[in-house]
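# Structural description and commentary
So the chains spell out like this:
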Amino acid sequence: MLYGRQAEQAAIDELLQARSGALIVRGEAGIGKSALLDYTAATAQARVLRVNGVESETDLPFAALHLLLRPVLDHVRALPPQQAEALRSALGLGGPARGDRFLVGLATLSLLVELSAAGPLVCLVDDAQWLDGESADALLFAARRLHGEPVATLFAAREGDGLFPSRGLPELWLGELDAGTAHRLLAEQAADLPPAVREQLVAEARGNPLALVELARMLTAEQRRGALVPLSFSLGTAQPVTDRVLCGFRDRIAAMPRATRSCLLVAALDDRAELDVFARAIGLLGASLTDFAEVERTGLARVGSEGVVFRHPLVRTAVLLSCDIGARMAAHRALAEAVDGDRRAWHLAAVTLQPDEEVARMMECLALRARQRGGQTAVSAAYARAAELSADPVAAVQRWTVAAGAAAEAGLWERARELVSKASHLLEEAALPGSMMTKEAALPGSVLAELTQVKAKLEIEAGRPLEGVRLLHQGAEAVTDLPAKLSLLSLAGFYTWAGAPHPDQVALARRTEELCPDGDGLAATVRTLNHTLRLLLEGDTATTLTYQPPDRAERVPFEVRFVLAYQDVVRADHDGMLDGAAMLVEDCRAEGRLGRMPQAMTALTIAQLVSGRHRSARATVAAGLALAADVGQAQWSSYLAGLHAWLSAVAGAQEECGEMAEQAIRDAEHRRWMPGAFWAEYARLMLDLGAGRYEAVLERVDRAAVGPTRHAFLWRYAWPDYVEAATRAGNPRCAKEALRPYAEWARATGQARPLAVLHRAQALLAAEHEAERLFEQALVLHAEGGQPFDEARTRLVYGEWLRRQQRRVEARAQLEAAVEVFDRLDAAPWSARAAAELRATGASLPDRTRFGGPLAALTAQELQVVRLAVTGASNREIGAQLFLSPRTVASHLYKAFPKLGVSSRAELARLGVA
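My aim in this report is to walk through the structure given alongside it, one point at a time. Everything numeric here is computed off the predicted structure, so don't read it as measured data. Per chain, residues are indexed from 1 in the order of the written sequence. pLDDT decides what is reported in this predicted model: residues at 70 or higher carry local features, side-chain atom pairs at 80 or more are listed and counted, and totals for whole chains, interfaces and linings draw on all residues regardless. In computing side-chain properties, one takes all heavy atoms of the structure into account and sets aside hydrogens as well as water.

Here a strand is any run of E in DSSP of at least two residues, a helix any run of H or I of at least four, and the numbering for each starts at the N terminus. Scanning the protein from terminus to terminus reveals 44 helices and 7 strands. The globule rule used here is 2.2 Å times the number of residues to the 0.38 power, and the radius of gyration it is set against is calculated over C-alpha atoms. Expected size for 914 residues packed as a compact globule is a radius of gyration near 29 Å; at 32 Å, the protein falls within 12% of this value. Taken over the C-alpha atoms alone, the protein extends approximately 110 × 75 × 50 Å along its principal axes. The contact definition used throughout considers only heavy atoms, calling two residues in contact when any of these lie within 4.5 Å. Residue pairs at least 24 apart in sequence account for 68% of intrachain contacts in the protein once pairs closer than 6 positions are excluded. If the 101 positive side-chain charges of the protein are averaged to one point and the 112 negative ones to another, these points end up 2 Å apart. We score Asp and Glu as negative and Lys and Arg as positive, and we do not count His or the chain ends. Here the site of a charge means NZ on Lys, CZ on Arg, CG on Asp, or CD on Glu.

The next thing to look at is the packing of helix α34 (residues 694-704) against helix α35 (residues 715-728). Two elements in contact, α34 and α35, have axes whose closest approach is 9 Å; the angle formed by their N-to-C orientations is 140 degrees. Taken as axis vectors, α34 and α35 run oblique relative to one another. The element α34 and its partner α35 pack so that their crossing is left-handed. Here Tyr 694, Val 697, Leu 698, Val 701, Asp 702 and Ala 704 of α34 lie close against α35, whose contacting residues are Trp 715, Asp 721, Tyr 722, Ala 725, Ala 726 and Arg 728. Considering only residue class, the contact of α34 with α35 consists of 9 nonpolar, no polar and 3 charged. The axes are straight lines fitted to the C-alpha atoms, using for helices just the contacting stretch, and the angles between their N-to-C directions are given from 0 to 180°. In these notes the angle categories are as follows: under 35 degrees is roughly parallel, over 145 is roughly antiparallel, 65 to 115 is roughly perpendicular, and the rest is oblique. A clockwise turn of the near helix away from the far one marks a right-handed crossing, whereas an anticlockwise turn of less than a right angle marks a left-handed crossing. Ten residues, namely Ala, Val, Leu, Ile, Met, Phe, Trp, Tyr, Cys and Pro, are considered nonpolar, four, namely Asp, Glu, Lys and Arg, are considered charged, and the remaining ones, Gly among them, are considered polar.

What follows covers the sheet that holds strand β1 (residues 21-27). When DSSP finds two or more bridges between a pair of strands, those strands are recorded as paired. In spatial order, the strands read β2-β3-β4-β1-β5; together these 5 strands make up an open sheet with parallel pairing. The open sheet is flanked by β2 (47-52) and β5 (171-173), the only strands paired with a single partner. The mean inter-strand angle of the sheet, taken between neighbouring strand axes irrespective of direction, is 15 degrees. Across 7 bridges, β1 lies against strand β4 (residues 151-158) in parallel orientation.

On to the nonpolar core. Within soluble globular proteins, side chains that are nonpolar generally end up buried alongside one another. Counting residues in hydrophobic clusters, the biggest one holds 235 residues, and the most contacted among them are Leu 69, Leu 87, Trp 646, Trp 679 and Met 686. At 11 residues, helix α33 (residues 674-690) tops the list of elements feeding residues into this core. With sequence-adjacent residues up to four places away left out, Leu 69 is seen in contact with Leu 49, Leu 87, Leu 111 and Leu 112. Grouped together as the second largest cluster of nonpolar side chains are 56 residues, Leu 193, Phe 278, Ala 318 and Ala 334 included. Here, the term nonpolar core denotes a set of buried Ala, Val, Leu, Ile, Met, Phe, Trp, Tyr and Cys residues that are joined through side-chain atoms within 4.5 Å. For every residue, the accessible area obtained with a 1.4 Å probe (protein chains only) is divided by the maximum for its type, and the residue is called buried under 20%, exposed over 50%, and partly exposed between those limits.

Structure follows, in structure tokens:
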């Protein structure tokens, strides 16, 4: 029975009645979190899966997930092959699989949804603060994406900074019981206590149910009768109540026989051990299961089918506190003999106090197995312990480096800094006389490159991107491996450009270019890329980019591919950027590298945006933002938020644009990271332009010319907007000044899209006898380049010009075409403006209360699902691409069909989805 938790029980009941959702129950130890989960399990009319996090298993990858899913593993075969392979590998049930922990999260999501098809499902996770990192990532990934499926997930976690962070999920905080409820609970548990003692206990327990029960059990016979004897838990002290309960447990354990304490210690260090393994381990310490019977009589723990179960996690903590280092070492040795696999390696490592290469190699093998299963947190922990045990300094540096890289990939930035510091310290010692290693020669180039990349990422995360560039230069000078060197230099060039303005920026760009090796193929490509970036930073307004793409057979690192895709925008090769970015996303998805997806999806969003595929861009940016938040990549969150703001501005969503722009700028300023801030500023410009606030547009661009985003190449794409605003504001001189550098760049690219926009801008400034020719030439180039938003804008201003020339019939043709495209792109302000011009020609328009046709009514997620459904993809295939469950895909289609006026997939083909 629960006391005083009616409101909390009502919240649980509401979740169970909804049959879908997630909830984090938080509170101090003993406050009643587990009791609420027990209540949930007892009242849920659903299948229940349950697991407890265990402190001793936090370094075993996917340990908790395996226990949670063990009863339903036979259903894994129903998953898509890539997901099934990743999940089996993560749980140690299959061979190595390509992918990362987020692919395992997607497989977990799919499995839970598959199970829910047979009936409602409830997942209960207790002591979530002690989940291994990989299990926590997978379960949270799934929980955030369960929408509408009959799956409810409840996590119970202790309060405290950094304990089980669960961004985006609702939380239920358990407070203290009131005095009246505490008295009722105590009367139920200890009815024989005198009123005065009860009052003291209620005061000391401070509303903590566990404390009420356990403090009462600590009373001596005299104290229970009300004798004036000091209470063993120190009534009246300021010590936290859970600490006093812990001390009580510790004192009771310390009073037990040595053999019984040995049994408890073995259980505390490895309580998942099967009964025969547990018996063997305690036997090696001279104890037996008979000795453990004493523990069961006290109620502190019991032996169950899944090992030893402690009454409360504080009991386990008390066991460890009550035993000295000698006893703990003996228990680890006994367990090392009794268990096998990864657990044996950890127990051996725990008793190894001096460098031991054999044990270090065992830990390294453990780390490699964890990596094959996608467990970066466990990889980091195992490599770090292997480094501590390494007798060879070279091996130690290698292992510290890999541990740091895995920690960074898992988003454990502070831990990564600690590990980098240890590797760097050993390298510094290498320079001292008598060192066992030389600083560079003894280390493989790939290790130096990885250490350098991790250091640079840490500097960028800390808001010092140019310091990161200096480190990349040092690494590039030290390594001889060509792919590693080119990867470092690609990052150096990009980070130099992407950082906020700094006096050293141009010098660093020059140094990056100088370090680029001579040669053909990929080396020549990277050299050209960095040459272009240096020119951009020097203010070369006509800079474009010409290079020979690397041979398809040449090994191209991910970092280089990203920069190559991004730099296609410099030369206005939008189709090339679309192809390159889409391939990056597809490769990340195929390999299960979801941790790299936000970066790849940023490039794809930009490619779709500059190509005028606004609906596709909105769907991509929404998915990218969700993934960036999942993997803890704030720099890409900032970038994507800025892109989202631009798309919102074009759609006329002023409030949404403002929120996204603020997020982008806030994150950009914190990390001295320019791209997100640029897109936020550009978004505000487009909002003003769409609303006809032309003076505001001019002011924004003028401020940007001397502001922190002034070196962003993509301001070139905004110059025609400045020309239009200046022309409409009656300032042709400013318009001509802005047009000059844009014309230089557009002609240098030789691409139809920028040349079409150039002709439109020139037409706005031209005399009447020249304007028509320029408008017509712009439309010819638009037909070749195929950028619908830019083409519609050209038709809009051309139609306005024709109307002023009293050529209303011709104007209508242009304006009608503009309205149709703006509607299709959901560019509401632009559509409204074109419609107003169309009415001014005398045309009558239908009711325009709904812009954009049926597709405009879809949410970003619904649109994404519809786009893939049009291709013939099944719900399962769509879900695998969008990181959604098949049931969620079906739900989105169910909601989308009536909005689109269709009743089947076959009818979707007639819709234009851009």
